[in-house]
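# Examination of the molecular architecture
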Amino acid sequence: MFYRYKLTLLAAAAALMMTLPACGGGGGSSQTDTPRSTVKPPVEADVSEADSSEAEPVENHIGQYLAAANEILSGDKYTYKCTLTADGLTEPVTIERYKSGNRLYQSQQTSTGKRGFLSDGERVYEFDYLTYSYTDEGTVLPDVIESVVKENLPQTSTHIAAKEGEAAEEYTYMGDTFITVYDFYFDEKNGSLLRYTATYSVEGNDDYVETRTVSELSSSVGDDGIFNPSFKTTLTDFSAFSSADRQTYCSDQCAKFGITEQMLVSNGMTNESFKKISYNDFLGLIYRYSTGDNGGKAE
């Protein structure tokens, strides 16, 4: 399931049960994990004015530990693996992310299924082994660390709970209607990233907390074959469907996973909706109701 996150509570958690939770970046519908905001660049000086001066540089808020982790992610190659847990998840989500040059791969897996995306430098694919389908009209989901650094979020100290031998850095995103607090924990001796939490707060709702435990963050990729879109030979090309074929395929998948007409209605849909449904909305529907009992095993 790709996380596009519960958008009421998680406007910042927009990716992965692909809903795609990126390692550095999740549940039954679709979610990402990056605050949907931008940091405005410095205002350029008006050179037409005689007394114009250079714009003041923006203060860098990023601490040494997160900067070191981001240096790996900014390199030509990396492997990034973590496990996502949260109160709303019935089981941990295993997330893997790889980069080599301009190619990027990410997957997330539970017992229900495996989903992910692959950018091969020319196009972006999304794939799903629960429905055995893929599309070449996918989206690259940014990593949380890269997003925090890019947006230069301010450091705070509201949630930090470092254990002995750990160093911690906290960053807070203040949205118009929500607050997202990221707490990163590092090995105090070697600086390696151990885990981080993301706490999403919306007034009138309980906080939603996700924890990602890092098992690997390195500047190498073991097998470049991971960037080969081999799934194109075994999975169904969702983007190639005509509207009629898309409707038939989606209806068959709903029947396979026990999704009834009433369930469609509760999601504001009918069978006719399948003629124009997007890939992410289709998968969001399947993962929202699938327990894995009716589908094939994740690969």
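In this report, we go over the structure that sits alongside the text.

How each quantity is defined
Residues numbered from 1 in each chain as written. Predicted model: local features only at pLDDT ≥ 70, side-chain atom pairs only at ≥ 80, totals over all residues. Heavy atoms only, no water. Salt bridge = Lys/Arg side-chain N within 4 Å of Asp/Glu carboxyl O. Helix = DSSP H or I, 4+ residues; strand = E, 2+ residues; numbered from the N terminus. Buried < 20%, exposed > 50% of the residue type's maximum accessible area, 1.4 Å probe, protein only. Phe/Tyr/Trp six-rings, centres within 6.5 Å; stacked < 30°, edge-to-face > 60°. Arc of directions from axis to C-beta. Contact = heavy atoms within 4.5 Å. Pairing = 2+ DSSP bridges. Axes fitted to C-alpha atoms, helices over the stretch in contact; angles between N-to-C directions. Disulfide = S-S within 2.5 Å. Core = buried A, V, L, I, M, F, W, Y, C linked by side-chain atoms within 4.5 Å.

### Things to note about the pattern of salt bridges
Across all of its chains, the model carries 7 salt bridges by this definition. Between E166 and R195 there is a salt bridge whose closest N-O contact spans 2.6 Å. Of the two residues, E166 is situated in strand 8 (residues 166-174) and R195 in strand 10 (residues 193-202); the sequence distance between them amounts to 29 residues. In this structure, E166 and R195 share a single accessibility class: buried. A salt bridge links R212 to E210; the nearest nitrogen and oxygen atoms lie 3.0 Å apart. One exposure class covers both R212 and E210, and it is buried.

### Some words on the packing of aromatic side chains
One pass over the structure, following the stated rule, counts 20 aromatic pairs. Judged by centre distance (5.8 Å) and plane angle (20°), the rings of Y105 and F127 are stacked. One end of the pair, Y105, is in strand 3 (residues 103-109); the other, F127, is in strand 5 (residues 124-128), with 22 residues separating them in the sequence. By relative accessible area, F127 is classed as buried at 1%. A ring pair is formed by Y173 and F178, whose centres lie 5.6 Å apart and whose planes are at 35°; its orientation type is tilted.

### So, helix 1 (residues 64-73)
Within helix 1 the residues assigned to the buried category are Y65, L66, A69, N70 and L73. Down the axis of helix 1, the sector holding all buried residues measures 130°, keeping them to one side. Those residues of helix 1 that are exposed and angled more than 90 degrees off the buried face are Q64 and E71. If you follow the buried residues of helix 1, they end up packed against strand 1 (77-86), strand 2 (93-100), helix 2 (144-151), strand 8, strand 9 (178-187) and strand 11 (208-218).

### Concerning the sheet that holds strand 8
Across the sheet, which stays open at both edges, the 12 strands sit in the order 7-8-9-10-11-1-2-3-4-5-6-12 with mixed pairing between neighbours. Each edge of the open sheet is held by one strand with a lone partner, namely strand 7 (155-156) and strand 12 (236-237). Of the strand pairs in this sheet, strand 4 (residues 114-119) and strand 5 are connected by 5 bridges, and their pairing is antiparallel. Within strand 5, the position partnered with S119 by the bridge is V124. The strands touched by helix 1 are strand 1, strand 2, strand 8, strand 9 and strand 11; relative to strand 8, the strand with the most contacts, the crossing angle is about 80°. Against the sheet, helix 2 contacts strand 1, strand 2, strand 8, strand 9 and strand 10, and its axis sits at roughly 110° relative to strand 9.

### A short note on the environment of G116
You can see G116 is positioned in strand 4. A relative accessible area of 0% places G116 in the buried class. G116 sits 12 residues away from D128 along the chain, and the two C-alpha atoms are 6.7 Å apart.

### Examining the state of the cysteines
In the structure shown here, the tally under the stated rule is 0 disulfides. A disulfide-free cysteine, C250 has its sulfur positioned 6.7 Å from the sulfur of C254, the nearest such atom.

### Some points on the pairing of strand 9
If a strand is regular, its side chains alternate between the two faces of the sheet. Most of strand 9 sits out of view: 8 of its 10 residues are buried. Here 9 bridges tie strand 8 to strand 9, and the two strands are oriented antiparallel to one another. Within strand 9, the residue paired with A168 across the bridge is Y185. Counting the residues in the hairpin turn of strand 8 and strand 9 gives 3 residues.

### Digging into the nonpolar core
Of all hydrophobic cores here, the largest spans 35 residues; its most connected members are L66, Y80, I145, V148, Y182, F184 and L193. Mapped by element, the contributors of at least two residues to this core are helix 1, strand 1, strand 2, helix 2, strand 8, strand 9, strand 10 and strand 11. Excluding residues that lie within four positions of it along the chain, L193 makes contacts with Y80, I145, F184, Y185, F186, V214 and L217. In terms of nonpolar packing, the next biggest core, distinct from the first, is built from 17 residues, F257, F282, L283 and I286 among them.

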